[in-house]
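Next come the chains, spelled out residue by residue.
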Amino acid sequence: MNLTLHVWRQSGPNQPGKLEQYDAKNVSPDQSFLEMLDEVNEQLIKEGKDPIVFDHDCREGICGMCSQVINGVPHGGQERTTVCQLHMRNFSDGDTIYIEPWRALAFPILKDLIVDRSGLEKIMQAGGYTSCHTGGVADGNAILVPKVDADYAMDAAECIGCGACVAACPNGSAMLYTSAKVAQLAALPQGKAEAAERVCAMTEAMQEAGFGNCSNHYECQAACPKGINVKFIARLNREYQKALFK
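Because the structure is a prediction, the values reported are computed rather than measured.

Caption draft 1: Here's a closer look at the packing of aromatic side chains. What the rule picks out here adds up to three aromatic pairs. Geometrically, the ring pair formed by F107 and F211 is edge-to-face, given 5.7 Å between the ring centres and 85 degrees between the ring planes. Here the residue F107 occupies a position in the loop between β5 (96-100) and β6 (109-111), and F211 occupies one in the loop between α7 (195-208) and α8 (219-223), the gap between them amounting to 104 residues. Seen from their ring centres, Y152 and F232 are 5.0 Å apart, and the 70 degrees between their planes marks the pair as edge-to-face. Highlighted residues: Y152 in helix α3 (residues 147-157) and F232 in helix α9 (residues 231-244), separated in sequence by 80 residues. Its end group placed over the ring of W8, R103 keeps NZ or CZ at 4.3 Å from the ring centre.

Below, the structure is given as structure tokens:
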């Protein structure tokens, strides 16, 4: 396939950016989207030009690094698919593709398609863990967890922290991300000891990082490559209300 790419190029956080046009030639339908960009970069390097800067790591849909908005949709719009798992067979010969970084106040652009997502890390650092002293290491089956609670926590734990929910939300909200991290521990006995402190600290960190508020657009769930459900936002709100009474 031969494709026309319009890629956002920006040399630095305080520099103006713009869309620049590139040609992607002889693209195999079996390539991933990132492999296609790799080939475009190889050609740019041969021509003595700066390659397109983008985040990537595992390329297996686990790390959440491949943060790109493709044709206006985070991760390209394929259900439960990250950019690294998006294959070129989803496009047709002659297509025009627009590639941009995440767009959110809390995600300032560093260069080209890379944004600063440290705001999500600050939320985790505020309370996305358990720190209470538990003595020696307990046997794996010493604490009984009902299967329904274990399944619920595992569904929340699927969140890979990519930030697609923030990029998709018209308010730039991180409620889906934060709620997944809160709900995961709130459902397990190991997390209940610090539940009240956790939800308050993480909610405050979310606000301080510049993320917006949730107004129930549900774009976050639609864009999430792991299908994190908005039911966790309801759980976050309930946990927060309970914490206010403590």
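Caption draft 2: Geometry of the environment of A157. Looking at the secondary structure, you find A157 in helix α3. We classify A157 as partly exposed; its relative accessible area is 31%. Taking C-alpha positions, A157 is 6.0 Å from Q184, a pair spaced 27 residues apart along the chain.

Caption draft 3: The pattern of salt bridges, seen in detail. All told, the structure shown has ten salt bridges when counted by the stated rule. E194 is paired through a salt bridge with R198; the nearest N and O atoms lie 3.9 Å apart. The residues E194 and R198 share a single accessibility class, namely buried. Bridged by salt links that share partners, the residues R235, E239 and K242 form one connected network.

Caption draft 4: Molecular detail of the packing of helix α5 (residues 175-186) against α9. One can describe the packing of α5 onto α9 by two numbers: an axis separation of 8 Å at closest approach and a directional angle of 70 degrees. One element, α5, and the other, α9, form an angle in the roughly perpendicular class. At the point where α5 passes α9, the crossing takes the left-handed sense. Contacts between α5 and α9 involve M175, L176, S179, A180, V182, A183 and A186 from the first element and F232, I233, R235, L236, N237 and E239 from the second. Each residue belonging to the contact of α5 with α9 can be placed in one class, and the counts come to nine nonpolar, two polar and two charged.

Caption draft 5: Up close: unusual backbone geometry. The residue R59 is not glycine, and still its phi comes out positive at about 60 degrees. Assignment of secondary structure puts R59 in the loop between α1 (33-46) and β3 (69-70). Positive phi values are uncommon outside glycine, yet N216 reaches one of about 60 degrees. Secondary-structure assignment places N216 in the loop between α7 and α8.

Caption draft 6: Summary view of α3. Among the residues making up α3, those that are buried are Y152, A153 and A156. All buried residues of α3 lie within an arc of 95 degrees about the axis, which places them on one face of the element. Opposite its buried face, α3 presents the exposed residues K147 and M154, each directed more than 90 degrees away. Next to the buried residues of α3 lie α5 and α9.

Caption draft 7: Broad picture of the state of the cysteines. Per the counting criterion, the structure on display carries zero disulfides. With no disulfide of its own, C58 lies 3.6 Å from the sulfur of C63, the closest cysteine sulfur. On the basis of relative accessible area, C58 is assigned to the partly exposed category, the value being 26%. The cysteine C84 is free of any disulfide, with C66 supplying the nearest cysteine sulfur at 3.8 Å.

Caption draft 8: Seen up close, the packing of α7 against α9. Running from N to C, α7 and α9 cross one another at 110 degrees; their axes reach a closest spacing of 9 Å. Accordingly, the angle class assigned to the pair α7 and α9 is roughly perpendicular. With respect to the hand of their crossing, α7 and α9 are arranged in left-handed fashion. Contacts between α7 and α9 involve A195, A196, V199, C200 and T203 on the former and, on the latter, L236, E239, Y240 and A243. In the contact of α7 with α9, the residues fall into seven nonpolar, one polar and one charged.

Each value, and the rule that gives it
- Residues numbered from 1 in each chain as written.
- Predicted model: local features only at pLDDT ≥ 70, side-chain atom pairs only at ≥ 80, totals over all residues.
- Heavy atoms only, no water.
- Phe/Tyr/Trp six-rings, centres within 6.5 Å; stacked < 30°, edge-to-face > 60°.
- Helix = DSSP H or I, 4+ residues; strand = E, 2+ residues; numbered from the N terminus.
- Lys NZ or Arg CZ within 6 Å of the ring centre and 35° of its normal.
- Buried < 20%, exposed > 50% of the residue type's maximum accessible area, 1.4 Å probe, protein only.
- Salt bridge = Lys/Arg side-chain N within 4 Å of Asp/Glu carboxyl O.
- Axes fitted to C-alpha atoms, helices over the stretch in contact; angles between N-to-C directions.
- Parallel < 35°, antiparallel > 145°, perpendicular 65-115°, else oblique.
- Left-handed = near helix turned anticlockwise from the far one by under 90°.
- Contact = heavy atoms within 4.5 Å.
- Nonpolar A, V, L, I, M, F, W, Y, C, P; charged D, E, K, R; others polar.
- Arc of directions from axis to C-beta.
- Disulfide = S-S within 2.5 Å.

Note that every value here comes from positions in space, so none of it alone points to a role or purpose.
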